[in-house]
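A look at the structure
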Amino acid sequence: MNIHKFYLNGLYIILDINSGAVHVVDKMVYDMMDVFDGSNDEAVLSAFSGQYLAEEVAEVLSELHQLIDENKLFSKMVEVPLHFSQKPLVKSVCLHVAHDCNLRCNYCFAGTGDFGHTRGLMSKEVAERAVEFIIENSGPRINSEIDFFGGEPLMNMDTVRHAVSYIRRRETETGKKFKLTLTTNGVLLNDEINQYLNDNNISLVLSLDGRREVHDNMRPFVNGAGSYDMILKNVTKTIDSRNGQNYYLRGTFTAHNLDFAADVLDIADKGFTQLSVEPVVAEDCDYALTEEHLPQLFAQYDALAQAYLERKRKGQGFEFFHFNLDLDNGPCVAKRLSGCGAGHEYFAVTPEGDLYPCHQFVGREEFLLGDVFEGVKNTQLPDQFRQSHVLNKAECRDCWARFYCSGGCHANADLFNKDINIPYKIGCELQKKRLECALMIQALLALESGK
Amino acid sequence: KHIITVNKLQEE
């Protein structure tokens, strides 16, 4: 497949997959692309002679051939770059500083914090070793990332503070630079912690699902009471304390709120501007998403895209993670192949120091890779993850979205298909819908700006 | 007249 065409929000759009060129066309071109293959002008003229004037068809063919000559249409398949090294460099780790939590979210992939094992906190020694693991295995890379994660990382602030001090010292000694993030449910946020996180330039991912009833239904305290009122108060104060910068409010939607666009807009109505909601990943339960839900979910993304544009035009815009698409630059091919890097560039570290391909794999013992004290001992799995990219996966290689989604989530593929090379179908369908919305939005904004 | 290209893959 070399092109993808779709109609959305009044725009006929053609994406040239291998170059990334995005063309907004008229209905005539859109229809002709069902027949035109780059070398069959006579067939196109014959097929459309009764519908359009011959001169018009010839005019369109001339424009199409010009795009082909400019490598913006039917461009050649991108192959694995020769410099896509067989030897990956570690770029980031997810530090599970706490396998414990003060909420009991119904959909938690982490088994409400303990990842199916005993609850526990990461020691300062393990945190230091995790930092050294990156330094030792990142080669000439300068920039690395560490996410403080859980469970709930604020339940182990002693280790977080120690790790941050250690990281800053090692930056000075090694010349490496670490970007730090912390993912929290917001329960323990207070003025003192806000000040600390701001002073240390730690980006935040804050969990909020949307409307009160939606959030409380899925994110109760241990005693079953809803957490919405406390979380909204806390995250509002935290975001205000950092002048509305350097954060993402991240929600999860389920079969219980298939009208999730209303949840995004509810959060936006409260003045928050950096937003994301993700589909729950679950099966065989009342909140799991199924293929039957897809048409309704697609309509919600369409509605969200409309609202996104309307608010942006009024100067009341918000950023939605999945609509942020850089059509002019974007990641390099190597990055598009390696995607999240789970299992070869990115690792999760448990409180005990064990290494897994990512936070979602923690607790799946067959994916244990080693530990921060002795390094990666399973040498086969990282290679399998590195080779599990879009050009090597049968279902991805011919998919129009391959250079935007990077092959989907390995953990979901394993969960649903027991094979990291077979992508999770519902995830694929939702990703493609979000991409069409993002392409439409960026194309429309480019047209409106007269670019 | 019929096609507008709105943006400008081959090109740490």
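Notes on the structure follow. (Residues numbered from 1 in each chain as written. Chains lettered and ligands numbered in written order. Predicted model: local features only at pLDDT ≥ 70, side-chain atom pairs only at ≥ 80, totals over all residues. Heavy atoms only, no water.)

Notes on the overall build of chain A
- Each helix and strand counted, chain A has 16 helices and 16 strands in total.
- On C-alpha atoms alone, chain A measures out to a radius of gyration of 24 Å, which is about the 22 Å that the 2.2 N^0.38 rule sets for 451 residues.
- When the backbone C-alpha atoms are referred to their principal axes, chain A occupies close to 75 × 45 × 45 Å.
- Here chain A holds 451 residues, and 55% of them are scored as buried. (Helix = DSSP H or I, 4+ residues; strand = E, 2+ residues; numbered from the N terminus. Rg over C-alpha atoms; globule rule 2.2 N^0.38 Å. Buried < 20%, exposed > 50% of the residue type's maximum accessible area, 1.4 Å probe, protein only.)

Considerations on helix α6 (residues 191-199) of chain A
All names here are of chain A.
- I193, N194, Y196 and L197 are the residues of α6 that are buried. The arc enclosing the buried residues of α6, seen along the axis, measures out at 165°, which places them on a common side.
- As for α6, its buried residues are in contact with α5 (157-174), β8 (177-184), β9 (203-207) and α8 (228-241).
- The N-capping residue of α6, defined by a side-chain oxygen 3.1 Å from the backbone nitrogen of E192, is N190. (Arc of directions from axis to C-beta. Contact = heavy atoms within 4.5 Å. Polar contact = N/O pair within 3.5 Å; in protein donor to acceptor, adjacent residues only side chain to side chain.)

Examining the state of the cysteines
All names here are of chain A.
- Under the defined criterion, the tally for this structure stands at 0 disulfides over all chains.
- Distance from the sulfur of C340, which forms no disulfide, to the nearest cysteine sulfur (C358) is 6.5 Å.
- The thiol of C409 is unpaired, and the distance to the nearest cysteine sulfur, on C358, comes to 5.9 Å. (Disulfide = S-S within 2.5 Å.)

Here we look at the interface of chain A and chain B
- Facing the 33 residues of chain A at the interface are 11 residues of chain B.
- Together, A:E59, A:E63 and A:D328 form the three largest contributors to the area buried by chain A at its contact with chain B, with a combined 23%.
- In this assembly, chain A and chain B are joined by 0 salt bridges.
- Across the contact surface, chain A and chain B share 10 residue pairs in polar contact (both at pLDDT 80 or more).
- The dominant element in the side of chain A that touches chain B, judged by the number of residues it contributes, is helix α3 (residues 54-69) of chain A, at 6 residues.
- Among the residues forming the side of chain A that touches chain B, the class breakdown is 18 nonpolar, 5 polar and 10 charged.
- Both strand β3 (residues 22-25) of chain A and strand β1 (residues 3-5) of chain B contribute to a ladder of 3 bridges, which runs antiparallel. Looking at β1(B), one finds that A:V25 is bridged to B:I3. (Buried area = accessible area lost by both parts, 1.4 Å probe. Salt bridge = Lys/Arg side-chain N within 4 Å of Asp/Glu carboxyl O. Nonpolar A, V, L, I, M, F, W, Y, C, P; charged D, E, K, R; others polar. Pairing = 2+ DSSP bridges.)

Observations concerning the environment of A:K377
Residue and element names in this part refer to chain A.
- Within the secondary structure, K377 is located in the loop between β16 (375-376) and α12 (380-387).
- For K377, a relative accessible area of 49% puts it in the partly exposed group.
- A C-alpha to C-alpha distance of 9.6 Å links K377 and L355, two positions 22 residues apart in sequence.
- For K377, the contacting residues outside a window of four places in its chain are L369, G370 and D371.
- Within polar-contact distance, the side chain of K377 engages the side chain of D371 at 3.4 Å.

What about the pattern of salt bridges?
All names here are of chain A.
- Taken as a whole, this structure holds 24 salt bridges over all chains when the rule is applied.
- When the shortest N-O distance is used, the salt bridge between R129 and E136 registers 3.5 Å.
- In this structure, K312 engages E319 in a salt bridge whose closest nitrogen and oxygen atoms are separated by 3.2 Å.
- The class of K312 is partly exposed, set by a relative accessible area of 29%.
- By relative accessible area, E319 is classed as partly exposed at 24%.
- Each of E132, R169, R170 and E173 takes part in one network of salt bridges that share partners.

Keep in mind these numbers describe shape, not what the thing actually does.
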